[in-house]
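# Architecture at a glance
One-letter residues, chain by chain:
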Amino acid sequence: MDRLTNTIRPYAWGSATAIPALLGVEPTGEPQAEMWMGAHPGAPSRLDRGSGERALSDVIAADPEGELGAAAVARFGPRLPFLLKLLAAGAPLSLQVHPDLAQAAAGYADEERRGVPIGAAHRNYKDPNHKPEMICALTPFDGLCGFRAPDEAAELLEGLGVDSLKPYADLLRAHPEDAALREVLTAVLTADREEMARTVTEAAAAARRLGGPYAPYASLGHDFPGDPGVIAAMLLNHFRLQPGEAVFLGAGVPHAYIDGLGVELLANSDNVLRAGLTPKHVDVPELLKIVRFESGDLAVLRPEGDVEEVYETPIDEFRLSRFLLAPGGAPRLLPVDTAQILLCTAGAPHVGELGLAPGESVFVPAGEKAELSGTGTVFRATVVV
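Here is a short report on the structure shown in this document. Predicted model, so just to flag it, every value in this text is computed and none were measured. (Residues numbered from 1 in each chain as written. Predicted model: local features only at pLDDT ≥ 70, side-chain atom pairs only at ≥ 80, totals over all residues. Heavy atoms only, no water.)

### Looking at the side chain of threonine 278
With respect to the helices and strands, threonine 278 occurs in the loop between β13 (273–276) and α12 (284–290). At 2.9 Å, the side chain of threonine 278 forms a polar contact with the backbone nitrogen of lysine 280. Those residues in contact with threonine 278, other than ones at most four positions away along the chain, are Ser94, Phe224 and Asp227. (Helix = DSSP H or I, 4+ residues; strand = E, 2+ residues; numbered from the N terminus. Polar contact = N/O pair within 3.5 Å; in protein donor to acceptor, adjacent residues only side chain to side chain. Contact = heavy atoms within 4.5 Å.)

So, in structure tokens, the structure goes:
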């Protein structure tokens, strides 16, 4: 097994303190948004097997079956199909959706055919893969996920007392659910920018006065003045996870993280379609092809199992589980059929002879035995084959 050296990404929305606090180091004063663990080409983890540091992506490329296991390579190809992260949101991330596998493949092929540079700001599809993901809270964690029922969204908009929002509330009450949500989101994102900016300003001011369930939108209006995404966000379920709780985000589900520290696990893709709360490119026509206009209550996931607590999801590219290692507990022998990344988030556990501190991680190749011992909390990321 290999201790990993990981990159911290300094995105502007990141908390300056959450990841340093977990690692037990002094903050740098700069945002530290995500720590990446895996073989993503943008910031692969590094390891040293005695001949100097190498990127995990290069190690896997040199012997995919030896590192990942034959079954995983047959199923997902010669690459690690997931990316594990520590995510620390100090400000809202963009309101976004991810395509399903067929949409991603078609979108990628189309932009390749049209010669859109892979690094272009207006490029939507950076690869032909889908990007399901989940976030598991380490601290109280706020976000937005999936559509509210249209009548609930209408009631929220009406409660602000902003005249220019009344037509949207009326539309939400007047149509079948999917048509109502599609029509209102389209109208919000394609409205005259100056008129929408005035609406957002009024709505944010009203949200500040009202507080309570409107507080998240007051915050969004402060961080993104005049952004249509502030109104679009009111169509979505607001959630607050407690430590240990998680949510799974499938294809086409609009979402945004707002605040908190969590363990994120996702398929290894960069495909994002944005709806707002961002200065980045927003492609409304393409976004509307991807969004699933379905409402429903948010499903909060809690781990299941006595020894290895598993967060059940409907996809196979990743599997997240958790071990809570109590003092005096028996060692836990881990399965060896697939590669895995183990992340410590609390305590002082051991993986074999390697001691881990919070924020440290190891890569265990397929076929290699790994035993957890000591005390603390360890998250395990692997695949289903």
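The structure having been displayed, the exposition proceeds.
### Section: the sheet that holds strand β20 (residues 361–364)
Read across the sheet, six strands follow the order β1-β20-β17-β22-β15-β14 without closing on themselves; strand pairing throughout is antiparallel. Lying at the two open borders of the sheet, with one neighbouring strand each, are β1 (2–3) and β14 (309–311). Two strands pair when backbone bridges link them, and strand β15 (residues 319–325) and strand β22 (residues 376–382) are joined in this way by seven bridges, in the antiparallel orientation. Along β22, the bridge assignment pairs phenylalanine 323 with valine 378. (Pairing = 2+ DSSP bridges.)

### A look at the packing of aromatic side chains
What describes a pair of aromatic rings is the distance from one ring centre to the other and the angle between the planes of the rings. This model, assessed by the stated rule, comprises three aromatic pairs. Look at tyrosine 11 and tryptophan 13: their rings are 5.8 Å apart centre to centre, the planes differ by 35°, and that puts the pair in the tilted class. A relative accessible area of 28% places tyrosine 11 in the partly exposed class. Overall, tryptophan 13 belongs to the buried group, its relative accessible area being 16%. Ring geometry for phenylalanine 141 versus tyrosine 257: centroids 5.4 Å apart, planes at 80°, classification edge-to-face. With phenylalanine 141 in strand β9 (residues 141–147) and tyrosine 257 in strand β12 (residues 255–267), this pair connects stretches of sequence that are 116 residues apart. Take tyrosine 257: its relative accessible area is 3%, and that puts it in the buried class. (Phe/Tyr/Trp six-rings, centres within 6.5 Å; stacked < 30°, edge-to-face > 60°. Buried < 20%, exposed > 50% of the residue type's maximum accessible area, 1.4 Å probe, protein only.)

### Here's the deal with the pattern of salt bridges
On inspection of all chains with the given rule, the structure shows 20 salt bridges. In this structure, arginine 292 engages aspartate 100 in a salt bridge whose closest nitrogen and oxygen atoms are separated by 3.9 Å. In this pair, arginine 292 sits in the loop between α12 and β14 while aspartate 100 sits in the loop between β7 (95–97) and α5 (101–113), placing the two residues 192 residues apart along the sequence. Residue aspartate 142 pairs with arginine 240 through a salt bridge whose shortest N-O separation is 2.8 Å. Of this pair, aspartate 142 sits in strand β9 while arginine 240 sits in strand β10 (residues 236–241); the two residues are 98 residues apart in sequence, bridging distant segments of the chain. When salt bridges that share partners are traced, they join Asp2, Arg49 and Glu67 into one network. (Salt bridge = Lys/Arg side-chain N within 4 Å of Asp/Glu carboxyl O.)

### What to know about the pairing of strand β17 (residues 340–347)
Counting buried positions over the eight residues of β17 gives six, a clear majority of the element. Note that β17 and β20 share four bridges and pair antiparallel. Counterpart to leucine 343 in the pairing with β20 is serine 361. The pairing of β17 with β22 spans six bridges and is classified as antiparallel. In the sheet register, cysteine 344 faces β22, and the bridge partner there is valine 378.

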